[in-house]
Amino acid sequence: MEVKIGVQHAPREIVLESGQSAEEVEQVVAEALAGKSRLLSLVDEHGRKLLVPADRLAYVEIGEQAPRKVGFGAL
C-alpha cells in the first residue's frame, strides 16, 4: 500500500510503502487526528517505523501499490 503524507511547513511529502491495509492505515490516521495519539505511527515494508506529530499533518493519501516496470518498452 502506498501512503503519501503531507507535513505542514515541510517542502516535500513523505512517501512510504506499507504492508498494512488501507483500512488499517485509515484507522491509525483517524486516531491520531482525533487526539487519541499525539503521533501518527506507521511501519513500512522494511520494518522501519515512521513517526509524524499528529498536529503537523496536512494530508494523508492512501493508494494502491503500483507495479514496477522493468526493462525497455514503448512508452
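This text goes with the structure placed above it.
The rules we used
- Residue positions are given per chain, counted from 1 along the sequence in the order it is written.
- Per-residue local features are limited, in this predicted model, to residues with pLDDT of at least 70; the limit for side-chain atom pairs, both in listing and counting, is 80 or more; totals at the level of whole chains, interfaces and linings are taken over all residues.
- Hydrogens and waters are ignored; side-chain quantities use all the structure's heavy atoms.
- Numbering goes from the N terminus for both helices and strands, where a helix is a DSSP run of H or I of at least four residues and a strand is a run of E of at least two.
- The salt bridge criterion pairs a side-chain nitrogen of Lys or Arg with a carboxyl oxygen of Asp or Glu, the two atoms within 4 Å.
- To sort residues, take the accessible area from a 1.4 Å probe on protein chains only and compare it with the maximum for the residue type: under 20% means buried, over 50% means exposed, and anything in between is partly exposed.
- By the criterion applied in these results, polar contacts are pairs of N or O atoms within 3.5 Å in which, for protein atoms, one can donate a hydrogen and the other can accept it, and in which residues neighboring in sequence qualify only through two side-chain atoms.
- Between two residues, a contact is recorded if the distance between any of their heavy atoms is within 4.5 Å.
- The pairing criterion for strands is at least two bridges between them, as found by DSSP.
- Note on geometry: axes are C-alpha line fits, over the in-contact stretch for helices, and angles between N-to-C directions span 0 to 180 degrees.

**Re unusual backbone geometry**
Peptide bonds are, in most cases, trans, and in most cases residues other than glycine have a negative phi. The phi torsion at His9 lies on the positive side, around 65°, for a residue other than glycine. For His9, the location among the structural elements is in the loop between strand 1 (2-7) and strand 2 (14-17).

**Quick word on the pattern of salt bridges**
Summed over the entire model, instances satisfying the criterion amount to one salt bridge. Salt-bridge contacts for Asp44 lead to Arg48; the nearest nitrogen and oxygen are separated by 2.9 Å. Residue class for Asp44 comes out buried when judged on its relative accessible area of 14%.

**A closer look at the side chain of Ser18**
Structurally, Ser18 can be placed in the loop between strand 2 and helix 1 (22-34). Within the structure, the side chain of Ser18 is placed 3.1 Å from the backbone nitrogen of Gln20, a separation counted as a polar contact. A polar atom in the side chain of Ser18 sits 3.2 Å from the backbone oxygen of Val43. Dropping the residues within four chain positions of it, Ser18 is found in contact with Met1, Val3, Val43, Asp44 and Glu45.

**Digging into the sheet that holds strand 2**
With antiparallel pairing, the three strands of this open sheet are ordered in space as 2-1-5. For this open sheet the edge positions go to strand 2 and strand 5 (57-63), each flanked by a neighbour on one side alone. Averaged over all adjacent pairs, the angle separating strand axes in this sheet is 15°, with direction ignored. Sitting on the sheet, helix 1 touches strand 1 and strand 5, and the angle it makes with strand 5 is about 170°.

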